[in-house]
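# Residue-level structure breakdown
The residues making up each chain are set out below.
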Amino acid sequence: MEMLGFSAVYRLATDLLGFFQSLAEQGCPAPFRLGPYRAFLVTRPEHVRHVYQREQAGVYINNRFASVTKRVFGDSLLNNDGPQWASQRRMLKPYFTNAGVKQWASLIDRKLGDLADAWERKAGEWLTVDAECAALTQAVMTSVLFGEEVGQTAVAQEAIEAIHVVHQEFVTQTLGLALLGPVFSWLPVPSNRRFNRAIRTIDRIVGRLIDCASRTRQGLIAFLRETVDPDTGRSMDAKLLRDELIALYVAGQETTGIALTWLLYELAKHPEIAEKARKDVLDRREGEVNAEAFPYLWAIVQETLRLHPSTTTLLRYAVRGDRIGEVEIPRGSLVLMSPYVTHRLPDIWPDPERFDPTRFKPGSGAPGVCSFITFGGGRHICLGLNLANRILLQSAVTLLRRFEFYVPNDYRVNPRPGLFLRPEGGCRIQIVSRPLSDRLAAAAGR
Ligand code: HEM
């Protein structure tokens, strides 16, 4: 079993985080066998940095198992490397810079206002916030990609569920391909049925959104139709445009929704931290919402992203041999990195399980390069990180102004094992309205 690498397959499928943590205790890079592959878990920041640098030099690629992702993301940049990826990234990047996403501040506020008004009507109730956060991030992402008019359409619960299934099945799909090759996708196993059904749903919903958006000419879709890659002079054809929109629709929603859920959970678990942040929010009613204006709240968001990185695993494939620290990495090996484990290295993050926003306080020493990799790093660093950070920060400002969050003292939500760090069994929080004066001020401020 061990020799053939099947025990690793079993542990990855059933207890991914526990498996990674036990490997990390053996050293870095930690070797293991994954079916036909030699694999290495890389967790130390200096070695993660090395991987990103060598990726830049062409030693590692990120799309060894592209045939899994191709079924969902087609030829989008999420599924690419090399010159075509570089061209796609150049075309998309301006839309997602810090300055680029600032244009969405008032849209995000409007969507948050709708959410908060709905919560006001349910005040005092216990809400499963995962679902609420997923609906909010879907509403924002739909507007950002397809324009606000299209984004007014009702929440497609079907899409939220389909995206969840795609992410849920990713580990099985990748392991299936790694072990059995392309034939795996033809086998009549439940994972294939679920995966294929989810892909068809997403494809149908995004197709409908594209049709609606062609009449309104707003959002990223309109921007991309007019964008030309400055280096190649090429624009995107209709097929690539659709692939790109599907990729962003899938990549942005659940990741940000999960992060927002954990943020509300931590605020509810730590009333003293929430109160201190609320004071900053109430003291400052006007102006831009950003890290400079709300340093403590920003630190809370970053600490949430450290403790609960939405993505647990990043995968690379060595197209050439390499050496990481003292360990030889033969050509053809898999290199896995785990934000979850790196963010819990006790010499980098003392008392790592403790929620402590002061780690990110300005002046307390920024985290070292590659010790904070919630958004990955190197050339494939998350394209949507500015948008995600903005959604999280603005959400915290609006929701702290209008609500208090409660959970019982002994309430604990565990992460569900898998590629994405979703709260196991959902996260239930009691939402209580703040005094009317704060709500009126919040309404005036948006
Ligand atoms: C809290 C929210 C988010 C988290 C934790 C997150 C995490 C990540 C991570 C870890 C990667 C790197 C993957 C790798 O190196 O293999 C990544 C890439 C990516 N993310 Fe995000 N993401 C978030 C939100 C978003 C949003 C809102 C969007 C869309 C606007 C987005 C779009 C992308 C894209 C397109 C890539 C691929 C970039 C490339 O390969 O060049 N993400 N994300």
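What counts and how
Residues numbered from 1 in each chain as written. Predicted model: local features only at pLDDT ≥ 70, side-chain atom pairs only at ≥ 80, totals over all residues. UniProt positions renumbered as here; feature names shortened; annotations may be inferred. Axes fitted to C-alpha atoms, helices over the stretch in contact; angles between N-to-C directions. Helix = DSSP H or I, 4+ residues; strand = E, 2+ residues; numbered from the N terminus. Contact = placed C-beta atoms within 7 Å. Near = placed C-beta within 6 Å. Nonpolar A, V, L, I, M, F, W, Y, C, P; charged D, E, K, R; others polar. Pairing = 2+ DSSP bridges.

The name an unreviewed UniProt entry gives the protein is Cytochrome P450 family protein, with Methylocaldum szegediense as the organism. UniProt, in its Cofactor (unreviewed entry) section for the protein, records the words "heme".

Before going further, it helps to examine the packing of helix 4 (residues 66–73) against helix 10 (residues 157–180). At a minimum axis distance of 9 Å, the contact between helix 4 and helix 10 shows a crossing angle of 145°. From helix 4, Ser-67, Val-68 and Val-72 reach across to helix 10, where they touch Val-166, Gln-173, Thr-174 and Leu-177.

With that settled, the discussion passes to the site of the ligand. The environment of the ligand is formed by 25 residues, the closest being Gly-252, Thr-255, Gly-376, Cys-382 and Gly-384. Elements with a minimum of two residues in the shell around the ligand: helix 5 (82–96), helix 13 (238–269) and helix 17 (385–402). If one sorts the elements of the shell around the ligand by residue count, helix 13 sits on top with seven residues. Split into classes, the residues belonging to the shell around the ligand amount to 14 nonpolar, ten polar and one charged.

So, on to the environment of Arg-49. With respect to the secondary-structure elements, Arg-49 resides in helix 3 (residues 45–56). Residues Arg-49 and Ser-67 lie 18 residues apart in sequence; the distance between their C-alpha atoms is 27 Å.

Moving on to the sheet that holds strand 4 (residues 126–128). Here three strands make up an open sheet; going across it, the order is 4-10-9 and the pairing antiparallel. One side of each edge strand has no neighbouring strand; the edge strands of this open sheet are strand 4 and strand 9 (403–406). The sheet shows a mean angle of 40° between the axes of neighbouring strands, taken without regard to direction. Across three bridges, the pairing between strand 4 and strand 10 (residues 428–433) is antiparallel. Looking at strand 10, one finds that Thr-128 is bridged to Arg-428. Each of strand 9 and strand 10 is contacted by helix 13, which is oriented at about 80° to strand 9, the strand it contacts most.

Attention now moves to unusual backbone geometry. Negative phi is the rule for most residues except glycine; trans is the rule for most peptide bonds. Omega for the peptide link from Cys-28 to Pro-29 comes to -5°, which places this bond in the cis form. By secondary structure assignment, the location of Pro-29 is in the loop between helix 2 (16–25) and strand 1 (30–34). Although it is not a glycine, Asp-351 sits at a positive phi angle of roughly 50°. As for its position among the elements, Asp-351 is in the loop between helix 16 (339–342) and helix 17.

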